[in-house]
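Reading the structure
The chain contents come next:
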Amino acid sequence: TVALAGPEPQFTFAVIGDRTEDADEAVFERILSEVSQLNPSLMVSVGDLIQGYTSDSALVEGEWNEVLDLMDATGVEYHFIPGNHDIFDRQSAAIYRKRFGAPDKYFRFMDHVFVTLDFSAYGTAAAIPPAKIEWLTRVLEVSKKSKGIFVFYHKPFWCEDFSAGRENLLHN
């Protein structure tokens, strides 16, 4: 968890990582139990909460039901960023939107701004459509006077850019 302190009341938030491929359900449940014991003000998942990658919409819905049951059991407010296992085709995007709304959004919490971005369909930062970058730029501009801004997305594009000697579009 991350603790934020200052002249205003303190709050904490937990960041939950990827749980796909050969995920051990017991480990995920233990992590959520420990997060619950820490009692953060909120929790953010950076994607890949379900296995996905199936055309069986009932299976995708069932995977989401299992995850939401576990998340709800923590009693902690949570927010999701979709990963490539959460949104992997048009059908999964429709399921995600029906359950959680737009995948690109921002919210305020105690005068801090949290931005969640869906980059699940892009292999590199350079592939992100300009309209999405323009939206992010506007959000950051209107959030300047906030006490802090946290931006979350699933894919670590900075690793690829750094390794290739490229400037990272998102850091700017």
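Our structure is the block above this text.
**Digging into the nonpolar core**
The biggest cluster of nonpolar side chains holds 21 residues, and the ones touching the most others in it are Phe-28, Leu-32, Met-43, Trp-64, Met-71 and Phe-80. Counting only elements with at least two residues in this core, the list comes to β2 (11–16), α1 (25–38), α2 (57–74) and α3 (90–100). Examining the composition of this core, we find that six residues originate from one element, α2, more than from any other. Apart from the residues within four sequence positions on either side, Phe-28 is in contact with Ile-16, Arg-19, Leu-49, Leu-70 and Met-71. The next biggest cluster of nonpolar side chains, apart from the first, holds 13 residues, and it includes Val-113, Phe-119, Tyr-122 and Leu-136.

**A look at unusual backbone geometry**
You will see that Asn-39, though not glycine, has its phi angle at about 55°, which is positive. By the secondary structure assignment, Asn-39 is in the loop between α1 and β3 (42–45). Within the chain, Met-110 stands out as a residue other than glycine whose phi angle is a positive 50°. In this fold, Met-110 is placed in the loop between β5 (105–109) and β6 (112–116).

**Topic: the pattern of salt bridges**
Applying the stated rule across the entire model yields six salt bridges. For Lys-132, the salt bridge is made with Asp-104, and the minimal N-O distance between the two is 2.5 Å. One end of the pair, Lys-132, is in helix α4 (residues 130–142); the other, Asp-104, is in the loop between α3 and β5, and 28 residues separate them in sequence. Take Lys-132: its relative accessible area is 13%, and that puts it in the buried class. Between Lys-144 and Glu-141 there is a salt bridge, with the nearest N and O atoms lying 3.2 Å from each other. Exposure remark for Lys-144: the relative accessible area of 57% places this residue in the exposed category. Overall, Glu-141 belongs to the partly exposed group, its relative accessible area being 47%. One continuous salt-bridge network, built from bridges that share partners, spans Glu-61, Lys-98 and Arg-99.

Calculation criteria
In this convention, every chain numbers its residues from 1, walking through the sequence in written order. Confidence filtering applies because this is a predicted model: local features only for residues at pLDDT of at least 70, side-chain atom pairs given and counted only at 80 or more, and all residues used for totals across whole chains, interfaces and linings. For side-chain calculations, the full set of non-hydrogen atoms in the structure is used, while hydrogens and water are omitted. Nine residue types can take part in a nonpolar core, namely buried Ala, Val, Leu, Ile, Met, Phe, Trp, Tyr and Cys, and a core is a set of them joined through side-chain atoms within 4.5 Å. Working definition: with a 1.4 Å probe on protein chains only, accessible area under 20% of the residue-type maximum means buried, over 50% means exposed, and in between means partly exposed. Only runs of H or I of at least four residues qualify as helices and only runs of E of at least two qualify as strands under DSSP, and these elements are numbered from the N terminus. Throughout, a contact is declared for two residues whenever any of their heavy atoms are within 4.5 Å. For this document, the term salt bridge refers to a Lys or Arg side-chain nitrogen within 4 Å of an Asp or Glu carboxyl oxygen.

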